[in-house]
Amino acid sequence: MDAQFWNMKWQKNQIGFHLSAVNPLLVKYFPVLGLQEGARVFVPLCGKTLDIHWLLQRGINVVGVELSQIAVEQLFSELGITPQISHIAPNMLCFQAENVNIFVGDIFTLSRKLLGNVQAIYDRAALVALPPAMRATYAEHLLDISSKAKQLLVTLEYDQTCIAGPPFSVTQQDIQQYYGAEYAIRCLENTSFSGGLKGGTPATESVWSLQPE
Ligand SMILES: C[S@@+](CC[C@H](N)C(=O)[O-])C[C@H]1O[C@@H](n2cnc3c(N)ncnc32)[C@H](O)[C@@H]1O
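Owing to the predicted nature of the structure, the values given are computational and were not obtained by experimental measurement.

**Side note on the UniProt feature "binding site: S-adenosyl-L-methionine" (unreviewed entry) in the chain**
The residues that UniProt annotates with the feature "binding site: S-adenosyl-L-methionine" (unreviewed entry) are Trp10, Leu45, Glu66 and Arg124. Of the residues annotated just before, the largest pocket has Trp10, Leu45, Glu66 and Arg124 among its lining. The contact partners of tryptophan 10, leaving out residues within four places of it in the chain, are Ile15, Phe17, Gly47, Lys48, Glu66, Ser68, Ile70, Ala71 and Gln74. Relative to the helices and strands, leucine 45 is located in the loop between β1 (40–44) and α3 (50–57). Dropping the residues within four chain positions of it, leucine 45 is found in contact with Val65, Glu66, Ile107, Ala126, Ala129, Leu130 and Tyr138.

**Considerations on the packing of α3 against helix α4 (residues 69–79)**
Where α3 meets α4, the closest approach of the two axes is 10 Å, and the angle between their N-to-C directions is 45°. As far as their axial angle goes, α4 and α3 are oblique. Here α3 and α4 pass one another in a crossing that is right-handed. Residue-level contacts link Ile52, His53 and Leu56 of α3 to Leu75, Glu78 and Leu79 of α4.

**Let's talk about the sheet that holds strand β3 (residues 84–89)**
Note: strands within a sheet are paired through backbone hydrogen bonds, in either parallel or antiparallel orientation. The 9 strands are arranged β3-β4-β5-β2-β1-β6-β7-β9-β8 in an open sheet whose pairing can be described as mixed. Each of the sheet's edge strands pairs with one partner strand only, and the pair in question is β3 and β8 (183–192). Across this sheet, the average inter-strand angle for adjacent strands is 20°, counted without regard to direction. Note that β1 and strand β2 (residues 61–66) share 5 bridges and pair parallel. Pairing of arginine 40 across the sheet is with asparagine 61, part of β2. In the packing of helix α7 (residues 172–179) onto the sheet, the strands contacted are β7 (150–158), β8 and β9 (203–212), and the crossing angle to β7 comes to about 145°.

**Quick word on helix α6 (residues 132–145)**
With 14 residues, α6 extends 20 Å between its outermost C-alpha atoms, agreeing within 8% with the 20 Å of an ideal straight helix rising 1.5 Å per residue. The set of residues buried in α6 consists of Arg135, Tyr138, Ala139, His141, Leu142, Leu143 and Ile145.

**Describing the layout of surface pockets**
Reported here for the largest pocket is a volume of approximately 1000 Å³. Together, 49 residues line the largest pocket, and Trp6, Phe17, Arg124, Ala125 and Ala129 are the ones closest to its centre. Looking at the lining of the largest pocket, the elements that each hand over two or more residues are α1 (3–11), α2 (24–29), β1, α3, β2, β6 (120–124) and β7. Counting residues per element, the lining of the largest pocket draws most heavily on α1, which supplies 5 residues. Considered class by class, the residues forming the lining of the largest pocket number 31 nonpolar, 9 polar and 9 charged.

**Quick word on the pattern of salt bridges**
This structure, assessed with the given rule, holds 4 salt bridges. In this structure, lysine 28 engages glutamate 189 in a salt bridge whose closest nitrogen and oxygen atoms are separated by 2.8 Å. Residue lysine 28 is located in helix α2, and its partner glutamate 189 is located in strand β8; the two are separated by 161 residues in the primary sequence. The shortest N-O distance in the salt bridge between lysine 148 and glutamate 182 comes to 3.2 Å. With lysine 148 in the loop between α6 and β7 and glutamate 182 in the loop between α7 and β8, the pair connects residues that are 34 residues apart, well separated along the chain.

Calculation criteria
- Residues numbered from 1 in each chain as written.
- Predicted model: local features only at pLDDT ≥ 70, side-chain atom pairs only at ≥ 80, totals over all residues.
- Heavy atoms only, no water.
- UniProt positions renumbered as here; feature names shortened; annotations may be inferred.
- 1 Å grid on protein atoms, 1.4 Å probe; cavity = no way out; pocket = protein on both sides within 12 Å on 5 of 7 lines; lining within 4 Å.
- Contact = heavy atoms within 4.5 Å.
- Helix = DSSP H or I, 4+ residues; strand = E, 2+ residues; numbered from the N terminus.
- Axes fitted to C-alpha atoms, helices over the stretch in contact; angles between N-to-C directions.
- Parallel < 35°, antiparallel > 145°, perpendicular 65-115°, else oblique.
- Left-handed = near helix turned anticlockwise from the far one by under 90°.
- Pairing = 2+ DSSP bridges.
- Expected span 1.5 Å × (residues − 1).
- Buried < 20%, exposed > 50% of the residue type's maximum accessible area, 1.4 Å probe, protein only.
- Points joined across faces, edges and corners; volume = space filled by probe spheres on them.
- Nonpolar A, V, L, I, M, F, W, Y, C, P; charged D, E, K, R; others polar.
- Salt bridge = Lys/Arg side-chain N within 4 Å of Asp/Glu carboxyl O.

This is the structure in structure tokens:
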């Protein structure tokens, strides 16, 4: 899954991962993060998720990163906000408005300095968007650039032999492997993924609280 794969998905509007409503799991478990109004939350691989609208409405400052400029343009258009756009690094644009800052580029080139301080991370469909070979590097990079910020993480688990990802199946053992040394990991909910994945493959959606130890 390289940049070309995702850019093509956005160009062809093949964005089945994009929810047409705010993720109810965010609404239900956001309080677990214990954030005050004005806190800065990082949304990696953010697409144009409506979850960003919801966070902004709650007075949260959002900082995201997304490969596709199409996605980010649509996000701001749907927010009804005209961003300032600046070229902040080679191959990295920043779309900026009062409480929302979205980097357009590869998360692996986003530095701690560019990201700035964040109090929490909301990862929905980011870890599971990455193939197994990239995930440990992603987790390590996320820990580094966020200075180990607490996380609300949403994952999917299913029989990977039935269908190919993305989204990829991520197990509890995987999460333990990526994050167990740095965070106390707590499963908040396991629910069956409504309608199954890609034509009905049974899947379980899980929400995790990751608190730095
Ligand atoms: C499965 S989608 C999830 C989007 C969003 N989190 C949501 O819940 O709708 C994954 C997104 O990550 C973006 N992406 C994939 N690899 C990336 C990378 N290395 N850096 C930044 N964005 C990336 C894709 O363009 C895509 O929009």
